[in-house]
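Understanding the architecture of this molecule
Chain by chain, the residues:
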Amino acid sequence: MVRRTAATLARIRLAACAALATCAVVGAQPREPVLRIVSTLPTATEMLFALGLGDRVVGVSEFCRYPPQVTSLPSVGNTLHPDFERIATLRPDLVVIADRNVDFAGRLVAAQIPFVAIPTTTLADVSVAMMRIGAAAGIASHARAVVAGVEERLQAVRGRAVSSRRPKVLLIMGRDPGTLTGIVAAGAGSYLNDLVDIAGGVNVVTSVSSLPYPQLSLESILTLDPEVIVDTIDMGATEKERLRRNTDNQELWRRYRTISAVRTGRVRAAETDALFIPGPRVVDVAEWLAEVIRGPVHP
């Protein structure tokens with residue numbers, strides 16, 4: 001009995017891995033029409049709404065906040081460990097998961113619940129993921145049109161950012177609250193690295209690390225001497241809290257005026273959670289970054 005169970009699990013995991021590699025929807029073919037969709041990650045939720053499928057979404061992850069109406073939808077747990085039982089009770093025609101979540105894919109295969117797995121690492125993944133969702137939901141041609149629109153707008157940002165000189169940019173994705181320690185930055189291979197390039201900057205982190213999200217010391221930042229710094233704040237904070245924390249951030253950095261970005265007043269706080277979500281709002285992020293990189297910013 002143990003051997004049979006182990007063999008069954010092995011077959012399920014193998015099927016899930018194969019499905020993820022070939023972008024297939026597995027477990028069962030999506031019921032037609034696809035009317036009930038569950039999203040297990042913010043990226044997918046935003047894509048579903050951008051593709052015009054928002055009225056079919058019946059469950060989202062606990063981290064999904066955009067568009068605002070998703071906060072009233074049933075929660076299916078967090079992205080890494082979705083609540084399988086909760087998802088099953090929602091009777092989905094399609095579940096959207098991250099392609100790294102192989103174990104959960106295996107459970108969906110075993111239950112014959114249709115799903116599509118999407119990549120979420122690079123800027124190119126945004127287009128790939130939207131196309132996968134579109135194909136799985138039966139709106140492939142519409143998805144192609146939406147993706148073409150996103151890519152056209154990104155190309156427009158790139159065209160406006162053409163310059164003989166590109167400022168050195170540091171994008172901070174997280175750090176210890178109230179201090180400049182435990183700093184995690186966007187690095188090589190991340191979708192934000194691509195957006196910095198499109199917006200007309202050079203990601204200063206790529207000169208010292210090949211990791212997508214490396215941890216940096218303050219000493220290394222002093223050496224790198226970025227000309228533009230985008231710092232992070234709690235995206236769940238209220239507008240009043242954001243303003244206060246932005247002021248606190250400025251005070252922290254003012255102690256290090258040897259850094260070019262600090263000396264010239266080009267330290268900005270992240271103003272939108274789209275910065276952290278590789279989805280259809282990447283164009284908004286690119287446009288905002290282009291404004292930050294090109295224009296003079298006063299503290």
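Here the residue numbers are simple positions, counted from 1 along each chain's written sequence. Restriction of local features to residues with pLDDT of at least 70 applies here, the model being predicted, together with a cutoff of 80 or more for giving and counting side-chain atom pairs; totals for whole chains, interfaces and linings are based on all residues. By convention in this description, side-chain values take in all heavy atoms of the structure and omit both hydrogens and water.

Comments concerning the pairing of strand β9 (residues 228-231)
- Think of it in three bands: with a 1.4 Å probe and only protein chains considered, a residue is buried below 20% of the maximum accessible area for its type, exposed above 50%, and partly exposed in between. Each helix corresponds to a stretch of at least 4 residues labelled H or I by DSSP, and each strand to a stretch of at least 2 residues labelled E; elements are numbered beginning at the N terminus. Side chains Val228 and Val230 project from β9 onto one buried face, and the interleaved Ile229 and Asp231 project onto a second face that is buried too.
- Note: two strands are recorded as paired if DSSP finds a minimum of 2 bridges between them. Here strand β5 (residues 168-174) runs beside β9; their pairing, made up of three bridges, is parallel. Considered in β9, the bridge of Val169 is made with Val228.

Examining the packing of helix α5 (residues 123-137) against helix α6 (residues 140-160)
- A fitted line through C-alpha atoms represents every axis, and for helices the fit uses only the stretch in contact; the resulting angles, taken between N-to-C directions, go from 0 to 180 degrees. It is at 7 Å that the axes of α5 and α6 come closest, and there the two elements cross at 160°. Taken together, the axes of α5 and α6 lie roughly antiparallel to each other. Between α5 and α6 the crossing geometry is right-handed. Residues Leu123, Ser127, Met130, Met131, Gly134 and Ala135 of α5 lie in contact with α6, whose contacting residues are Ala140, Ala143, Arg144, Val146, Val147, Glu151 and Leu154.
- Residues of the contact of α5 with α6, tallied by class, amount to nine nonpolar, two polar and two charged. Oblique is the label for every angle not falling under 35 degrees (roughly parallel), over 145 degrees (roughly antiparallel), or within 65 to 115 degrees (roughly perpendicular). By convention the crossing between two helices is left-handed if the near helix lies anticlockwise of the far one by an angle smaller than a right angle, and right-handed if it lies clockwise. Here, residues are in contact when the closest pair of their heavy atoms is within 4.5 Å. Ten residue types, Ala, Val, Leu, Ile, Met, Phe, Trp, Tyr, Cys and Pro, are classed as nonpolar, four, Asp, Glu, Lys and Arg, as charged, and the remainder, Gly among them, as polar.

Remarks on the sheet that holds strand β3 (residues 94-98)
- The strand order across the open sheet built from four strands is β2-β1-β3-β4, with neighbouring strands paired in parallel fashion. If you trace the sheet from one side to the other, it starts and ends with β2 (57-59) and β4 (115-118), each paired once. For this sheet the average axis-to-axis angle between neighbouring strands, irrespective of direction, equals 30°.
- Looking at chain direction, β3 and β4 are connected through four bridges and run parallel. Its bridge partner lying in β4, Ile97 is registered against Ala117.
- Taken strand by strand, helix α2 (residues 42-50) contacts β1 (37-39), β2, β3 and β4, and its axis lies near 140° from that of β1.
- Contacts from helix α4 (residues 102-111) reach β3 and β4 within the one sheet, and its direction differs from that of β3 by about 160°.

A look at the nonpolar core
- Think of a nonpolar core as a cluster: buried Ala, Val, Leu, Ile, Met, Phe, Trp, Tyr and Cys residues, connected wherever their side-chain atoms sit within 4.5 Å. Counting 55 residues, the largest nonpolar core has Ile133, Leu154, Leu192, Leu195, Val282 and Leu289 as the members making the most contacts within it.
- For this core, the leading source of residues is helix α11 (residues 282-294), giving nine residues.
- With 18 residues, the next largest nonpolar core counts Leu180, Val205, Ala261 and Val267 among its residues.

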